[in-house]
Amino acid sequence: MKWYELSEKAVLQMTKSTKETGLASKEAKARQKQYGLNELQEAEKQSALLLFLEQFKDFMVLVLLAATLISGLLGEYIDAIAIIAIVIINGFLGFFQERRAEKSLDALKELSAPHVMVLRDGEWKRIPSKELVIGDVLKFTSGDRIGADIRVLEAKSLEIEESALTGESLPVQKQTAPLKGEDIPLGDQDNMAFMGTLVTRGNGIGIVVGTGMNTAMGQIANLLQNAETMMTPLQRKLEQLGKILIGVALLLTVLVVAIGVIQGHALYEMFLAGVSLAVAAIPEGLPAIVTVALSLGVQRMIKKNAIVRKLPAVETLGCASVICSDKTGTMTQNKMTVTHIWSGGTTWNVSGTGYHPEGRFYLGQREVNPNQAKPLQQLLMFGMLCNQTDLIRQEKDYAVDGDPTEAALLVAAMKAGFKRESLVQQFEIMQEFPFDSTRKMMSVVVKDKKDGKRYVVTKGAPDVLLTNSTKILWDNKLQSLSLVMSNEVKTAIDQLASQALRTIAIAYRPLMDETFGHEREAEKELVFIGLQGMIDPPRPEVKEAVKECREAGIKTVMITGDHVITAKAIASQLGILKPGGKVLDGYTLSKMSVEELEEMVDDVYVYARVSPEHKLKIVKALQAKGHIVAMTGDGVNDAPAIKAADIGISMGITGTDVAKEASALVLLDDNFATIKSAIKEGRNIYENIRKFIRYLLASNVGEILVMLFAMILALPLPLVPIQILWVNLVTDGLPAMALGLDQPEENVMKRKPRHPKEGVFARGLGWKVISRGFLIGAVTLAAFMIVYDNTPEKLAYAQTIAFATLVMAQLIHVFDCRSDKSIFDRNPFENIYLVGAVLSSILLILIVIYYPPLQPIFHTMAIAPREWLVILGLASVPTFLLAGSLLTRKSS
Ligand code: ATP
């Protein structure tokens, strides 16, 4: 028997599960142990050994190893062994950097892994879908991705898109009855739902019958292993730049070697020096450090509740010039409380706070019994009946399982003494048409068990419901909806909305015995009853975040399905809408072409009563104007706009799987202020990458130039090969990494967004690299020449001094790189990692200079203490000479 042939009872029996309580956690654990995780097998990962060996496949490193081998064969054992040791240490460094980068990317994947709602021990829980086992009872709703293969047990308007499996792009309607037939193709198994497919409408409950590789998806999993490439634009640019830099470094090295040979140095001596120089000067570690900086930044973002799903977004964040954000839940708290109720010209007030179901009803100052005012009573009762949300009692507070708007209606009804259980006993719910933000309504078809009468009960956006109503309950009488009355309702809506209240209207329609195939047929010819207005306070931190964004040259735009006046009121409170700013409603927007919208898009700050489909138009118009757009969304229909935006953002709490998968950034707390923090971090990460590019390249320029100058001046080699390699190891590793962890400069959020096409060397960086590099080379050579003094006996001592000066100049310069202005601009102790890295680098240098057993290996001699004055004095020149000088000003 196939699963689709079985009845619900048989499926439950076979899987040893129950629909009421699901599996017991213990049993689930045991099954997981026995059958494994619900995962598709991943392609083989590169082994650690291979990754380590990869570090040596670089052409210049191979040449260096070959050269070292030759010098070893020629008897220079110590040099050869030492060089090989350094190359291996360097390899380890690269290996750990890349491992770290890989690990944090894996951690990211884990964080954005899908979750499912599952019934365990009688309670609904959200768990990672890889923990599902056969027999688990699952709940899913529009926007969810199905976590395993399941047999559907309940389906309410359930439609699932299965194109990944069947190629059929139209969603399939699901039902629950068993099917007959032996080889029913997947596409026709309409009581089954398959792992990886997408719920596009309605909701349902099912039981897991296949997990991991034993799912329909698992059988074709091998076809699906296309890992997304995660290279960022900067990484790509650096890859190209890397090739150019290799070329330049090689060219200069050849020049150094050629001039050296012409000036009378032995070819063999120059060859090894040249190759060491090339290895040192080629910034081979750059890509790995960039990845590490990106992923460390990403981890900092996680601490601020932002998860980056696509690495390139980290860079794009720094370019964002417009944030389009949803209102409800992102700018507001999404904690709704009904405060006003209107019907037939009368407004009642409701007291109480939050979701506590305690409060009273007032007409003006006078307390009223809601059960004695018919329309009020009906509004409250229908608000509870046409409702898919549950209120869960917790120790001190109440939690909402579902939609906060519906929870508010539930609480209002409870304040009047209504109980869900009694209502459900009185009314049988025969059909349900769930809410969607395009229709802006939801309905149920109910049967009153007492008299057998049936109704459609609808709730939704008041203006929409009003258009679908032909009658109204006014003064307890059913009347046809006249123009006058309709205008009165509109005035009431506007009045509630102008107090920043979110409004929901409630209507009904008596039925004979119709049933409906589609909500379109049900939600018409309604009887309008009245309105409930609820507060949804703004999140306290949003106002400040909007202001900070403005200072950073980023415009905030509110996009909401809510009423124009409500949206306007909240946007004004948050400082998004300033006098003169425009508000556009969905109706006007839908009549406009992208070009027409483009004309005015820069003046619009609020889009209200829009449908998710409108968001795409807004993104396109903004992009046509040259903006880099961040766009938030949570529902299925938001996905196209999220994808089209430069930075698609989804909601961690209320977001659907579809929205999350389309997005580059997930807000764990659904909070607008988190977008601002992420942008700040994005800007900082980019600046940090620029900082260490600046540092590494200036250091390398210095290393090459000291050798080049020496050769031109017909001097001996100022540094021996092993010293060059040691400088490279000591200065390129830790200090560069620590720059990647630097704190943001104070003015990161006071500058305009970066232009996306801006090159790596923009804003004076190229000039800084060359001018500092030149000076580092010059002072190192000066230190060498002062001591060498054309006295060959002093050569080793002069080389040691040059070695120390070069390292110290670089280690001082690293602090200079922290600021766009000068070293004095920032407190050097702010970045303790950098201080630690620099101290350990100094220690590594002192060891090879002063520890006698290492001296012959590194060709060093102990430096007299007073010489350090000269070394430090010269080493500070590049940084201090340029601080505040004309050169700096010109460059920034
Ligand atoms: P955002 O600001 O994030 O776009 P929103 O909640 O204002 O969100 P929608 O969720 O699309 O936008 O809601 C649009 C309108 O639909 C609301 O103003 C409200 O009148 C109505 N509405 C919202 N939730 C429900 C619901 N569960 N049932 C019926 N009507 C609803």
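For clarity, every value in this text was computed on a predicted model and none was experimentally measured.

**What about the overall build of the protein chain?**
- Secondary structure summary: the protein chain contains 33 helices and 28 strands in total.
- C-alpha atoms of the protein chain, sized along the principal axes, occupy 115 × 70 × 50 Å.
- Each of the 892 residues in the protein chain was classed as buried or not, and the buried ones make up 55%.
- Long-range contacts, defined here as pairs at least 24 residues apart, represent 71% of the contacts in the protein chain between residues at least 6 apart.
- With the model as given, the accessible surface of the protein chain reaches about 38400 Å², and the carbon-plus-sulfur share is 59%.
- One finds the centroid of the 95 positive side-chain charges in the protein chain at a distance of 4 Å from the centroid of its 96 negative side-chain charges.

**Describing the site of the ligand**
- In the vicinity of the ligand, 19 residues are found, and the nearest of them are Thr 328, Asp 403, Ser 437, Arg 502 and Thr 560.
- Residue Glu 406 places a side-chain N or O atom 3.1 Å away from a nitrogen atom belonging to the ligand.
- Mapped onto the shell around the ligand, the elements with two or more residues apiece are β18 (454-460) and β21 (502-511).
- The biggest single contributor to the shell around the ligand is β21, with three residues.

**Description of the domain arrangement of the protein chain**
- In terms of domain boundaries, the protein chain breaks down into domain 1 (3-40 + 112-220), domain 2 (233-301 + 688-891), domain 3 (306-331 + 539-670) and domain 4 (339-535).
- For domain 1 versus domain 3, the separation of C-alpha centres amounts to 34 Å.
- The interface is formed by nine residues belonging to domain 1 together with seven residues belonging to domain 3.
- Taken over both partners, the interface formed by domain 1 and domain 3 buries close to 670 Å², and the fraction arising from carbon and sulfur atoms is 48%.
- Along the contact surface separating domain 1 from domain 3 lie one salt bridge.
- Put simply, Glu 661 and Arg 145 hold a salt bridge, and the shortest N to O gap is 2.6 Å.
- Where domain 1 touches domain 3, the interface holds four residue pairs in polar contact (both at pLDDT 80 or more).
- Of the residues in the side of domain 1 that touches domain 3, the class split is two nonpolar, four polar and three charged.

**Considering a nonpolar patch on the surface**
- Judged by side-chain polarity, Ile 84, Ile 88, Phe 92 and Phe 96 come together as a nonpolar surface patch covering roughly 350 Å² of accessible area.
- Considering the arrangement of structural elements, one finds Ile 88 in helix α5 (residues 77-111).
- Among the residues examined, Ile 88 registers a relative accessible area of 36% and is labelled partly exposed.

**Notes on helix α30 (residues 832-850)**
- Counted at 1.5 Å a residue, the expected span for α30 with its 19 residues is 27 Å, and the 26 Å between its end C-alpha atoms agrees.
- Every buried residue of α30 is accounted for by Leu 834, Val 835, Ala 837, Val 838, Ser 841, Ile 845, Val 848 and Ile 849. Down the axis of α30, the smallest arc covering the buried residues is 165 degrees, so these residues share one side. Seen from the buried face of α30, the exposed residues on the opposite side, beyond 90 degrees, are Ile 832, Tyr 833, Leu 839 and Leu 843.
- For α30, the secondary structure elements touched by its buried residues are α26 (721-732), α27 (734-739), α29 (795-816) and α31 (855-858).
- Two or three places before Tyr 833, at the start of α30, stands the capping residue Asn 831, its side-chain oxygen 3.2 Å from that residue's backbone nitrogen.

**Focus: the pairing of strand β11 (residues 346-350)**
- Pairing of strand β10 (residues 337-343) with β11, which is carried by four bridges, proceeds in the antiparallel orientation. Bridge assignment links Ile 341 to a residue of β11, and that residue is Trp 348.
- Once β10 ends, the chain turns through two residues before running back antiparallel as β11, passing Gly 344 with a positive phi of about 45 degrees.
- Of the strand pairs in this sheet, β11 and strand β12 (residues 361-363) are connected by two bridges, and their pairing is antiparallel. Bridging from a neighbouring strand, Val 350 pairs with Phe 361 of β12.

**Details of the side chain of Thr 405**
- Here Thr 405 shows up in helix α13 (residues 404-415).
- Given a relative accessible area of 5%, Thr 405 falls into the buried group.
- With residues near it in sequence (within four places) discarded, Thr 405 still touches Met 336, Arg 502, Ile 504 and Met 534.

**As for the pattern of salt bridges**
- What the rule picks out here adds up to 38 salt bridges.
- A salt bridge links Lys 125 to Asp 121; the shortest N-O distance between them is 3.5 Å.
- In this structure Asp 121 comes out as partly exposed when scored by relative accessible area, which is 41%.
- The closest approach of N and O atoms between Arg 609 and Asp 463, which form a salt bridge, is 2.7 Å. Here the residue Arg 609 occupies a position in the loop between β25 (604-608) and α22 (612-624), and Asp 463 occupies one in helix α15 (residues 462-467), the gap between them amounting to 146 residues.
- Arg 609 gets classed as buried once you look at its relative accessible area, which sits at 13%.
- A relative accessible area of 27% places Asp 463 in the partly exposed class.
- Connected through shared salt-bridge partners, Glu 687, Arg 690, Glu 745, Arg 751, Glu 758 and Arg 763 make up one network.

**Side note on the environment of Val 610**
- One can find Val 610 in the loop between β25 and α22.
- For Val 610 and Thr 560, which are 50 residues apart along the polypeptide, the C-alpha to C-alpha distance reads 6.1 Å.
- The contacts of Val 610, once residues within four sequence positions are left out, are Lys 440, Ile 559, Thr 560, Gly 561, Gly 586 and Leu 589.

**Details of the packing of aromatic side chains**
- All told, the structure shown has eight aromatic pairs when counted by the stated rule.
- Consider the rings of Trp 342 and Trp 474, whose centres lie 5.8 Å apart with planes at 75 degrees: the pair is edge-to-face. Within this pair, whereas Trp 342 is found in strand β10, its partner Trp 474 is found in strand β19 (residues 469-474), the two being separated by 132 residues in sequence. Of the two residues, Trp 342 and Trp 474, neither departs from the other in class, the shared state being buried.
- For the ring pair Phe 709 and Phe 774, a centre distance of 5.7 Å and an interplane angle of 75 degrees mean the geometry is edge-to-face. You can see Phe 709 sitting in helix α25 (residues 672-712) and its partner Phe 774 sitting in helix α28 (residues 765-788), a full 65 residues away along the chain.
- Here a set of aromatic residues connected by ring pairs shows up, and it is made of Phe 52, Phe 92 and Phe 95.
- When the ring centre of Trp 124 is taken as origin, the NZ or CZ atom of Lys 139, which lies over that ring, is 4.6 Å away.
- Above the ring of Tyr 686, the side-chain terminus of Arg 754 is found at 3.4 Å from the ring centroid.

**A short note on the sheet that holds β25**
- Read from one edge to the other, the open sheet built from eight strands follows the order β8-β28-β27-β26-β9-β23-β25-β24, with strand pairing classed as mixed. In the strand order of this sheet, the two ends are held by β8 (306-308) and β24 (582-585), each with one partner. Within this sheet the neighbouring strands show an average axis-to-axis angle of 20 degrees, counted without direction.
- Examined bridge by bridge, strand β9 (residues 322-326) and strand β26 (residues 629-633) share three bridges and lie parallel to one another.

Conventions and cut-offs
- Residues numbered from 1 in each chain as written.
- Predicted model: local features only at pLDDT ≥ 70, side-chain atom pairs only at ≥ 80, totals over all residues.
- Heavy atoms only, no water.
- Helix = DSSP H or I, 4+ residues; strand = E, 2+ residues; numbered from the N terminus.
- Buried < 20%, exposed > 50% of the residue type's maximum accessible area, 1.4 Å probe, protein only.
- Contact = heavy atoms within 4.5 Å.
- Areas by Shrake-Rupley, 256 points an atom, 1.4 Å probe, with all protein chains shown as cover.
- Lys, Arg positive; Asp, Glu negative; His and termini not counted.
- Charge placed at Lys NZ, Arg CZ, Asp CG, Glu CD.
- Near = heavy atom within 4 Å.
- Polar contact = N/O pair within 3.5 Å; in protein donor to acceptor, adjacent residues only side chain to side chain.
- Domains from an automatic or database assignment.
- Buried area = accessible area lost by both parts, 1.4 Å probe.
- Salt bridge = Lys/Arg side-chain N within 4 Å of Asp/Glu carboxyl O.
- Nonpolar A, V, L, I, M, F, W, Y, C, P; charged D, E, K, R; others polar.
- Patch = residues over 30% accessible without salt bridge, like charges linked within 9 Å, V, L, I, M, F, W, Y side chains within 5 Å.
- Expected span 1.5 Å × (residues − 1).
- Arc of directions from axis to C-beta.
- Pairing = 2+ DSSP bridges.
- Phe/Tyr/Trp six-rings, centres within 6.5 Å; stacked < 30°, edge-to-face > 60°.
- Lys NZ or Arg CZ within 6 Å of the ring centre and 35° of its normal.
- Axes fitted to C-alpha atoms, helices over the stretch in contact; angles between N-to-C directions.

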